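Inside the fold
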Amino acid sequence: MASTTPSRLLENAMKYADQPALSTPSGDDWLTETWSEVAEFVMDIAKSLVALGFEPGDKLSIYSYNRREWYGGYLAAQMAGGAGVGIYHTSSAEEVEWVAGNSESKVLFVGDNPMAAGDKSKMPQHRLMQVIDGLPAVEHFVLLPGVGGVEHERMITWDAFMDHGSGVETATLHERVGALTEADTSALIYTSGTTGNPKGVELTHGNWNFEVKAADFAFLFTQGERYVSWLPLAHVFGQLIDNHYWVDKAMHMYVADNPLNVVDLAKEVQPHLFIGVPRIYEKIYSNVKAAIDGKAVLRVGLKLPLLSGIFRKALKKKIGMKTCRFAVTGAAPINPDILELFQSLGIPIFEGYGMTENTAGATLNYAEQNRIGSVGPVFPGTEMKVADDGELLIRGPHVMKGYYKNPEETAKVLGQDGWLRTGDLGTFDEHGHLHILGRSKELIIHGGFNVYPPEVEAAINDHPQVIQAAVVGRSTGNDEEVLAFVQIAEGDTLDPQVLKAFVKERLTGYKRPSQFIIGTALPAAPTGKILKHKLIETFKDQLA
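Residues numbered from 1 in each chain as written. Predicted model: local features only at pLDDT ≥ 70, side-chain atom pairs only at ≥ 80, totals over all residues. Heavy atoms only, no water.

**A short note on the pairing of strand E3 (residues 59-63)**
Counted residue by residue, E3 has five buried out of five residues, so it is predominantly covered. Burial along E3 is two-sided: Lys59, Ser61 and Tyr63 facing one way and Leu60 and Ile62 facing the other are all buried. Summarising the sheet, E3 and strand E4 (residues 83-87) pair through five bridges and their orientation is parallel. In the sheet register, Ile62 faces E4, and the bridge partner there is Gly86. (Buried < 20%, exposed > 50% of the residue type's maximum accessible area, 1.4 Å probe, protein only. Helix = DSSP H or I, 4+ residues; strand = E, 2+ residues; numbered from the N terminus. Pairing = 2+ DSSP bridges.)

Written out as structure tokens, the structure reads:
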């Protein structure tokens, strides 16, 4: 029998039966379940899926933010021999129709969007109703607990769904788990490009197995250590850590009820492992720097050998990092100043690199091999090289099976020799650390020179009023101009001419943006990643 996440869940139920596994919000408190309880919950869901005709190879879509039923449904689909398909809780009706339809999902779980704030037009169940008749292949739409206000002949409540599984034997599930192989599809993760519909990245049990074990060279966590789940589970990083790594290491996972609350939740939980994106660390960094700059006793104390340890410990507790042994940042470049400050305080935040198509991770800095400004050395068992045109190529057991039902797009990025074309430009330094130069499609050629957006963005981000910046090119006929879109805080003001002068001191002439568009928000994905392909259209009225 292949070792898979469902099989390891069953092992945890035996080995750590009474140990805490999952804590989810329950009013002002937590509902904490043990590994035996979580395994029983997953099996009950799997039995109901089987009773409703869910066969090996079938798909379950989950349209919701992180919640108990998300983890349960995802693992149950795999336990029943199928695959989980995450749909972002903020997805539009059209996006839901595409993902659920293209994935050929047989069942769709409908959950909540905690950011809807009572607006029905943003609630998953109401968005779904706009396209439900365009999804004839979905046999059952299951409303998760607390979700209502809609009706359809193929829609059932959670309780009714769970009642279906009472006649299915546990032995049936054990047979299906035992039949799983590493080559079987475990999940479809839909990733968007700049044009066309999202593509379904097909990941196998073997992909996840390699990725979970590969990270051991950098960090290793053990049973009962705490982790906070907040990244949307439709994202590859969320699925890797919050489902597969969580089970593999038998960690105690706490679930955020809203991604906006993650910093406060970290203060309460004090996790041992924390996964974030630059925007979260920028928020924590601002708070820490303000505290240090505003209190002379703190500034002085951090420099005194006898007192620095006490002050560092107090600061780490204040921001939720008192017991943190490893924190990862990825998905977008991070300001090196953030890493330097955190690491000076003994907060181990390290930058890595990867993509959905290689199951999240390919390189990672860590304590013994950390070079700020790089994204770290290559994972053991992973091959990486730079092609003649500067594009990074990856090969290894974590590279996807392909894009679901899309051989043409698969062939564009995945060669028969197993090398994955990442679309990223990069170089390796003399220490074997990878440095990302940018996306090949985003490379700007201005005046005959190559302009790499991350370098320009880093220079802009150095300005104290800038939250984040995005740089893109715009064709001017025979050339491209460099445009900068800059986010500042609500109520703040920043003169573009002041920013232009600031950047002039940091960048040579051909790299300097010709225009700075400054606002309080930039178009972004649910993970916070800026959607660069939407910038020019969004701000077209402000561009000269």
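Next comes the rest of the write-up.
**Let's talk about the packing of helix H2 (residues 35-51) against helix H3 (residues 68-79)**
In contact at an axis separation of 8 Å, H2 and H3 are set at 60 degrees when each is read in the N-to-C sense. By the criterion of interaxial angle, the relationship of H2 to H3 is oblique. Viewed along their axes, H2 and H3 form a crossing whose handedness is right-handed. Taken together, the residues of H3 that come into contact with H2 (itself represented by Phe41, Val42, Met43, Ile45, Ala46 and Leu49) are Arg68, Glu69, Gly72, Gly73, Leu75, Ala76, Ala77 and Met79. Across the contact of H2 with H3, the residue classes tally to 10 nonpolar, two polar and two charged. (Axes fitted to C-alpha atoms, helices over the stretch in contact; angles between N-to-C directions. Parallel < 35°, antiparallel > 145°, perpendicular 65-115°, else oblique. Left-handed = near helix turned anticlockwise from the far one by under 90°. Contact = heavy atoms within 4.5 Å. Nonpolar A, V, L, I, M, F, W, Y, C, P; charged D, E, K, R; others polar.)

**Let's talk about the sheet that holds strand E25 (residues 515-519)**
The strand order across the open sheet formed by three strands is E23-E24-E25, and the pairing between neighbours is mixed. At either margin of the open sheet sits one strand with a lone partner, and together these are strand E23 (466-475) and E25. The sheet shows a mean angle of 20 degrees between the axes of neighbouring strands, taken without regard to direction. Pairing between E23 and strand E24 (residues 480-488): nine bridges, direction antiparallel. Residue pairing across strands places Gln468 opposite Gln487, the latter belonging to E24. Across the face of the sheet, helix H16 (residues 453-461) comes into contact with E23, E24 and E25 while running at roughly 145 degrees to E23.

**Concerning unusual backbone geometry**
Residues other than glycine seldom take positive phi values, yet Glu104 does so here, at roughly 60 degrees. With respect to the helices, strands and loops of the structure, Glu104 is situated in the loop between helix H4 (93-102) and strand E5 (107-110). One non-glycine residue with positive phi stands out, namely Ala360, at about 100 degrees. In this structure, Ala360 sits in the loop between strand E14 (349-353) and strand E15 (363-364).

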